[in-house]
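# Architecture and fold: a report
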Amino acid sequence: LGRSTSIKMGGKSSKPERSGKIVYGTEEIMSKKAHGTCPSGVQGGLRFGCDAQTADRICCFNRHFAEYSGYFLQTSWLKQAKTSGEMTYYDSVSGKPLFVGPKGRTFQAFLRESKAHGWPSFRDDEVVWENVRILPDGEAVSVTGTHLGHNLPDRNGNRYCINLVSIAGRPLPN
């Protein structure tokens, strides 16, 4: 699935591992597969009422574009996220955990930053680096080839602006 810089992962737990160290990948991750850059299309029944056709286009047949700014606020995401504390966000194609947040900040701080930029905005400690890579141009992708968004660093560090349709998957059964 492409070479990448690795990080040491701790012992297994029920929550996905996170680390503040960015993990880079190569363009090989986004090579052509059975369904665009993905091994298959998006899952059925995406969370938050996300549109499957939009998700499929952005996740698997796209390298640069995004859902429209503020899309996440037009879904049921806000209602679900407000009540959940830390929420795990899963790849809309593979079902692998990609982000867990908010972590190290309040939900209100997470929401304020996400609204200001137009997309859910995650920080290094909220990334599940086992399943996420950052390409040299700043594109954020899953290890299986799902386009997620981009790293757009600001004065507070790395900021991952992520398409909600890319992280609206459901976890795979054990």
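Our subject is the structure listed above.
This write-up is about the structure you can find in this document.

### Overview of the pairing of strand β1 (residues 87-90)
Side-chain direction in a regular strand flips from residue to residue, so the side chains alternate between the two faces of the sheet. Where burial is concerned, the two faces of β1 agree: the one with Met87 and Tyr89 and the one with Thr88 and Tyr90 are both buried. Two elements, β1 and strand β2 (residues 97-101), share four bridges in a ladder whose sense is antiparallel. Across the sheet, residue Met87 finds its bridge partner in β2, namely Gly101. Connecting the antiparallel pair β1 and β2 is a turn made up of six residues, with Gly95 showing a positive phi of about 80°.

### Structural notes on the side chain of Ser94
In this structure, Ser94 sits in the loop between β1 and β2. You can call Ser94 buried: its relative accessible area is 14%. Within the structure, the side chain of Ser94 is placed 3.2 Å from the backbone nitrogen of Lys96, a separation counted as a polar contact. In this structure Ser94 touches Gln43, Thr144 and Leu172, once residues within four positions along its chain are discounted.

### Side note on unusual backbone geometry
With an omega of 0°, the peptide bond between Gly101 and Pro102 qualifies as cis. Positive phi, close to 65°, is recorded for Phe48, a residue that is not glycine. Secondary-structure assignment places Phe48 in the segment before α1 (52-60). For Phe48, a relative accessible area of 3% corresponds to the buried category.

### Examining the sheet that holds strand β3 (residues 121-122)
Pairing within the open sheet is antiparallel, and its five strands lie in the order β3-β7-β6-β5-β4. Edge positions in the sheet fall to β3 and β4 (132-134), since each has one partner strand and no second. Pairing of strand β5 (residues 139-142) with strand β6 (residues 147-151), which is carried by three bridges, proceeds in the antiparallel orientation. When the sheet's bridge partners are listed, Ala140 is paired in β6 with Gly149.

Conventions adopted
- In every chain, residue numbers begin from 1 and rise along the written sequence.
- Owing to the predicted nature of the model, reporting of local features is limited to residues with pLDDT of at least 70; listing and counting of side-chain atom pairs is limited to 80 or more, with chain, interface and lining totals taken over all residues.
- Each side-chain value is worked out from all heavy atoms of the structure, with water and hydrogens disregarded.
- Exposure is judged per residue with a 1.4 Å probe applied to protein chains only, and the accessible area is read against the type maximum: over 50% gives exposed, under 20% gives buried, and values in between give partly exposed.
- The way it works is that DSSP assigns letters per residue, a run of H or I at least four long becomes a helix, a run of E at least two long becomes a strand, and they are numbered from the N terminus.
- Paired strands, as defined in this entry, are two strands with at least two bridges between them according to DSSP.
- For the purposes of these results, a polar contact is taken to be a pair of N or O atoms within 3.5 Å, where, inside protein, one atom must be able to donate a hydrogen and its partner to accept one; residues adjacent in sequence count only when each atom of the pair is a side-chain atom.
- The criterion used for residue contact is that any of the two residues' heavy atoms lie within 4.5 Å.

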